[in-house]
Every structure is written in structure tokens, then in C-alpha cells.
Amino acid sequence: MTRRGHLPYQLLTFVIFAVSWEVYARVRGGLLIPTFTETVGASVKLLGSAELWQALYASNQALVLGFALAVGVGVPLGIVLGRFRTLERFADVYLNILLVTPMAAIIPLLGMSVGYGLAARVILVAIFAIVMVVVNSRAGVRQVDPSLIEMARSFGANERRIWTRVLLPGALPAIMTGIRLGIGRAVTGMVLVELLMVSTALGGLMLEYRGLLKAPQLYATIVIILAEALLLISVARWGERKLTGRSVR
Amino acid sequence: MIEIRGLSKSFVGQDGGRVQALSDVDLDVAENEFLTVLGPSGCGKTTLLKAVAGLVPVDSGEIVVDGTKVRGPGPDRAMVFQNFALLPWATVLDNVAFGLELRGVGRAERQERARALIAMVGLAGFETKRPAELSGGMQQRVGIARALAVQPRVLLMDEPFGAVDEQTRRLLQEELLSIWEESRLTVVFITHSMEEAVLLGDRVVLMSARPGQIAEIVPVPLERPRARSLERSGKYAEITAYLWDRLRDMHEEHRAAR
Ligand SMILES: Nc1ncnc2c1ncn2[C@@H]1O[C@H](COP(=O)(O)OP(=O)(O)O)[C@@H](O)[C@H]1O
Ligand SMILES: [Mg+2]
């Protein structure tokens, strides 16, 4: 109900944004800043071209694989770190490094070690996304009330039941939040690696349009990437609501 | 029913030193007895109860419940928690059935038993609500129903009414008394209220702090079934006054010792 209530405001801000863009581009003009309408036109055209869909397919390959890797490794890792504090002492340093390292700095290392193929793109996407997933899963497990664990034990729960009936349900909302935030980071990683490392797929397309000074197409590509990211995040948010039965903002 | 012999337990304190939570505690609880435990905070009441529940390992001594040495939690004992300890994502029905679920009772049977207990604690109609939708008193009713659902022989209650308002607390005390009159469970009930200890208990165990020990066991020779009107009797006033004197002495001894 709140989401529906937001819609008019979101539309309004979007209209203001679009009009400002249009006005600015027309007044300042120039080859490098397309107008809003030009961008929309180019987006529609691009969506009808095979070139874009091929690029989307190639990019998403890395996105899906890398993100799956991040979730598959990150969720269990975060949960284990949240439950066993001693492990945390070993892992904390690395997590902090992952959090603060400018990810672009990893790219040359990655290229040198696994080459410039799909593997490198997948790994970079995973590295980008995994921090959010680990940190949120860990926080989720940690904020489960310890007295619930004690209660379960008092009724005879073994470690497995404590996990399945107390820790995981308690951590689920935070895990889902981590997954949702991880999607945003994964998309960032996907584009970055294609721009800075292996000029291919969507990133390659953007570099090509830039080289040819095709500003509307360049902007349109960015718009399409943004649209995809927003779509994925909405899907994640919907799944989050379905799974946890709580409203998510 | 419960025999505690030479029970000691210490923890590692915040400063790295040892905190003696329980020191050489001996205590017997008779079958069907309602025992209340009273003492200043930090004197080891919770530790004692958790030791009986099998939740904390002890350093030395032993606890025997119904002839069997306690080595961990068991189906003969069920606990009611001060902060209710309800699963926030589960409904009232699932919370009450939780203990049964952990003990492997099938879905249909545990739901049937849970429903009966929900009705018994006066929560019929609230089966599908979640804990956050209930008042504190109602949440503790769920906690009590969950413990009773597993049909324990011993009910272990750690300041169960400490977090509810005064009126609700009085209602819950009366309801607990009538449940106990019918079921005749053995109850160990921790409280920090002298009035509550006397109203409910057959005996009041007075504990003293540092190290946690039993200072005295005060019998409560008031007739059963007990009613609220007891509070106006001379005997009741006498026992509560006595308990208060003892607690105040302990407090002053403790202050002098520092
Ligand atoms: N898990 C624990 N770790 C360290 N110290 C503890 C722990 N549990 C209890 N204690 C200490 O043991 C003493 C008795 O605690 P507790 O049994 O909770 O007392 P009470 O329930 O009477 O207030 C206190 O000094 C408390 O700080
Ligand atoms: Mg306590």
C-alpha cells in the first residue's frame, strides 16, 4: 500500500528530472549531451537492434554467474561468521579489505591471474557483490536473540534444528536485504569490468558509441543498464516480501 | 523430585577474573511443590534455574531430577523465560507447538494439543497472531502454554511476570495458581517480588549474593488453594515483612563488605 502511495511522487520527480534534462540539453546544446527525447528515441531504437540484445546477453552471463557465486559463497560464509565468533577474528581483516579496496585496483591483478575472458568478469562481479551479501547475512545471524537459541535448546533442539528453526528464519530478512543490495553492486561490477578490463558486451558497446561520438546511443545504453538494475532490484524486493512476509522499503 | 547437591558454578567475569555465581548449593524440591526463589539481582537465581534446565554446565556438584542425573535439557523439564523468548516470525499456534515440534510430535497432534493449551491460557481466537501483535501479558501466556504443551513434570520459571504490568501480573499469578492446583506440577519460580514469592510458594528460598548461596528457606504455611484475600491475613504480612528484613540485611552486609 505504501508502494502505491509513492507512485505519484516518483512520477512527479521523474517528470521534473526529464524536463530539466531536456531544457539543459537544448540550451547548452552540443554534440556530447543528447536531449532527453533523443535519448528516449535512441533507447527505443536500440531495443529493436540485435546488437544490444547480444551485448545484454553477454553481460548478463557474467552477471548471473558472478552473482550466483556471490550468493552461493556469501550467504553460508556470512552465516558461519555470524554464529562462530572465533572464525570472525580470522575473517574480519579480509572482509574489511574487500570493503575498502577500490575495486578497480583489482582488475589488473585479475587479468594477470585468470586472463581476460568470462572467468575474470564473473569473478569481478562476484567480488563486487559478495561483500554486501556476507556483511548482511552475518548481521542477520548475529541479531537473532540469543535467548531464542537457549529456548530452543531447553526444548531439546539439536544444533541442526537451531539452525533451521531459529537462526535461518531469524536471519532471513537481513540475508534477503544483502542479496538485494548485492544485485546493485553486481551490476556495477559487470559494467566496470567491461569498461576497464575487457572491452566487450554492454561496456564495449558504450566505448564504441563514445568513440563514434554517438551520444544518444551512449546515454541510451546507460539508461537500459539502469532499467535492468532497477528491474532486478524490484524483483529481489518482491521476493523479499514474499519470503519474509514483512514490508520492505 | 529435584535434588541439588553441592552445586557450584563460576563464570569468567568482564575483568578476566572469576565470578562465583553459585557456591555449594544444596536444595531439595518435593514432588508437586511450588518453590519460589527470591534474592538480590546477580545472586545466581537464573544460573541455578538454567543448571536445573540443563542449559549451563556446572563446575561441581550434581542435580538429580526424578531419579535421573541432569546432563542436559530433557522432556521432564520445561522453561518459561522472563523475556518470553517467542519466535517473532511464528504465529501463536506455531509458538505454542514449537516445543512439541522439537520433540518430534506430528503436525496434526501438536496443533491439536497447542490449541487446547491456547484455550486454557485464555488466548482462543489469537492462534494466527504474531507475538508483536500481543501485549506482554498475552505473550507470556504463550510462553506458559508452550511449556505446558510438552507435559513436563517440572516447570522452571525465571521471573516470568517481571516484564508485565502490575494488573496483568496479578491476573497471571492467579491463573498460574489455578493451573498448578489442577496439574500439580513441580514448579521452581524465580522472582524478585516478596509478595509474589509468598503468594505462590510453599517455601521461599532466599538466596544471597557473592558468592551465590542459599541464605535461608522460609516455609509459607498458608492454606491452599490460595486466593488474593490472603494478602490481608496476618500470617502473609508477617512472612513478607520477615523476607524484607532479611533482604535489607543482605543489602547492608553487601554494602559494608565493599
Ligand atoms: N554467561 C555468563 N557469563 C559471565 N557471567 C555470568 C554469566 N551468567 C551469569 N553471570 C554472572 O553470574 C552472576 C549470577 O548471575 P544470574 O544467575 O543471572 O543472577 P540473577 O538471576 O540472580 O540476577 C552475576 O554476577 C552474573 O554477572
Ligand atoms: Mg536473573
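What counts as what
Residues numbered from 1 in each chain as written. Chains lettered and ligands numbered in written order. Predicted model: local features only at pLDDT ≥ 70, side-chain atom pairs only at ≥ 80, totals over all residues. Heavy atoms only, no water. Helix = DSSP H or I, 4+ residues; strand = E, 2+ residues; numbered from the N terminus. Buried < 20%, exposed > 50% of the residue type's maximum accessible area, 1.4 Å probe, protein only. Contact = heavy atoms within 4.5 Å. pLDDT = per-residue confidence, 0-100. Pairing = 2+ DSSP bridges. Axes fitted to C-alpha atoms, helices over the stretch in contact; angles between N-to-C directions. Phe/Tyr/Trp six-rings, centres within 6.5 Å; stacked < 30°, edge-to-face > 60°. Patch = residues over 30% accessible without salt bridge, like charges linked within 9 Å, V, L, I, M, F, W, Y side chains within 5 Å. Areas by Shrake-Rupley, 256 points an atom, 1.4 Å probe, with all protein chains shown as cover. Salt bridge = Lys/Arg side-chain N within 4 Å of Asp/Glu carboxyl O. Parallel < 35°, antiparallel > 145°, perpendicular 65-115°, else oblique. Left-handed = near helix turned anticlockwise from the far one by under 90°. Nonpolar A, V, L, I, M, F, W, Y, C, P; charged D, E, K, R; others polar.

Caption draft 1: Local environment of the environment of Arg 130 of chain B. All names here are of chain B. Secondary-structure assignment places Arg 130 in the loop between α3 (107-120) and α4 (136-149). Classification of Arg 130 as partly exposed rests on a relative accessible area of 38%. Once the C-alpha coordinates of Arg 130 and Glu 195 are considered, the two residues, 65 residues apart in sequence, prove to be 32 Å apart. Those residues in contact with Arg 130, other than ones at most four positions away along the chain, are Pro 88, Trp 89, Ala 90 and Thr 91.

Caption draft 2: Here's a closer look at unusual backbone geometry. All names here are of chain B. In this structure, Pro 225 follows Arg 224 across a cis peptide bond, with omega equal to -10°. Even without being glycine, Phe 84 reaches a positive phi, approximately 75°. Within the element layout of this structure, Phe 84 appears in the loop between β6 (77-80) and α2 (92-102). Look at Glu 159: it is not a glycine, yet its phi comes out positive at around 40°. Inspection of the secondary structure puts Glu 159 in the loop between β7 (154-158) and α5 (166-183). Note on Glu 159: relative accessible area 12%, which makes it buried.

Caption draft 3: Spatial organisation of the confidence of the model for chain B. For chain B, the mean per-residue pLDDT works out to 93, and 100% of the residues sit at or above 70. For this predicted complex, the interface confidence score (ipTM) comes to 0.92, while the overall pTM stands at 0.83.

Caption draft 4: Here's a closer look at the sheet that holds strand β8 (residues 186-191) of chain B. Residue and element names in this part refer to chain B. Reading across the sheet, the 6 strands line up as β6-β7-β8-β3-β9-β10 and stay open at both edges, with mixed pairing between neighbours. Each end of this open sheet is capped by a strand with a single partner; those strands are β6 and β10 (213-219). For this sheet, the mean angle separating the axes of adjacent strands, direction not counted, is 20°. Pairing between β7 and β8: 5 bridges, direction parallel. In the strand pairing of β8, Leu 155 is matched with Val 187. Along the sheet face, α4 touches β6 and β7 and points at about 175° away from the line of β6. On top of the sheet, helix α7 (residues 234-257) reaches β3 (34-38), β9 (203-208) and β10; it is set at about 165° to β10, its chief contact.

Caption draft 5: Highlighting the packing of aromatic side chains. With the rule as written, the count across this model stands at 9 aromatic pairs over all chains. Arranged with centres 5.5 Å apart and planes meeting at 80°, the rings of Phe 34 of chain B and Trp 180 of chain B form a pair that is edge-to-face. With a gap of 146 residues between them, Phe 34 of chain B in strand β3 and Trp 180 of chain B in helix α5 connect regions that are remote in the sequence. Comparing Phe 34 of chain B with Trp 180 of chain B, the two get one shared label, buried. Three or more aromatic residues joined by ring pairs make a cluster, and in this case those are Phe 14, Phe 17, Trp 21, Phe 36 and Tyr 219 of chain A.

Caption draft 6: Summary view of a nonpolar patch on the surface. On the surface, Val 15, Val 19, Val 23 and Val 27 of chain A cluster together into a nonpolar patch covering about 360 Å² of accessible area. As for its position among the elements, Val 23 of chain A is in helix α1 (residues 2-28).

Caption draft 7: Structural context of the packing of helix α8 (residues 159-196) of chain A against α2 of chain B. Viewed as axis vectors pointing N to C, α8 of chain A and α2 of chain B meet at an angle of 160°, and their least axial separation amounts to 12 Å. It follows from the interaxial angle that α8 of chain A and α2 of chain B lie roughly antiparallel. In this structure, α8 of chain A meets α2 of chain B at a crossing whose hand is right-handed. Residue-level contacts link Arg 161, Arg 165 and Val 166 of chain A of α8 of chain A to Phe 98, Glu 101 and Leu 102 of chain B of α2 of chain B. Split into classes, the residues belonging to the contact of α8 of chain A with α2 of chain B amount to 3 nonpolar, no polar and 3 charged.

Caption draft 8: Quick peek at the sheet that holds strand β1 (residues 2-12) of chain B. All names here are of chain B. The 4 strands lie next to each other as β2-β1-β4-β5, forming an open sheet whose pairing is antiparallel. Two strands close off the open sheet at either side, each with one partner strand: β2 (18-29) and β5 (68-69). Here strand β4 (residues 60-65) runs beside β5; their pairing, made up of 2 bridges, is antiparallel. For Val 64, the partnering residue across the bridge sits in β5 and is Lys 69. The sheet contacts of helix α1 (residues 45-53) involve β1, β2 and β4, and relative to β1 the element is tilted by about 120°.

Caption draft 9: Representation of the pattern of salt bridges in the model. According to the stated counting rule, one finds 21 salt bridges over all chains in the structure shown. As a salt-bridge pair, Arg 83 of chain A and Glu 159 of chain A come within 3.1 Å of each other at their nearest N and O atoms. Taken together, the positions of Arg 83 of chain A in helix α3 (residues 50-83) and Glu 159 of chain A in helix α8 put the pair 76 residues apart, joining distant regions of the chain. One salt bridge connects Arg 228 of chain B with Glu 174 of chain B, and the closest N-O pair in it is separated by 2.8 Å. Of this pair, Arg 228 of chain B sits in the loop between β10 and α7 while Glu 174 of chain B sits in helix α5, and the two are 54 residues apart along the sequence. For Glu 174 of chain B, a relative accessible area of 36% translates into the label partly exposed. It is possible to trace a salt-bridge network through shared partners that takes in Arg 170, Glu 174, Arg 228 and Glu 231 of chain B.

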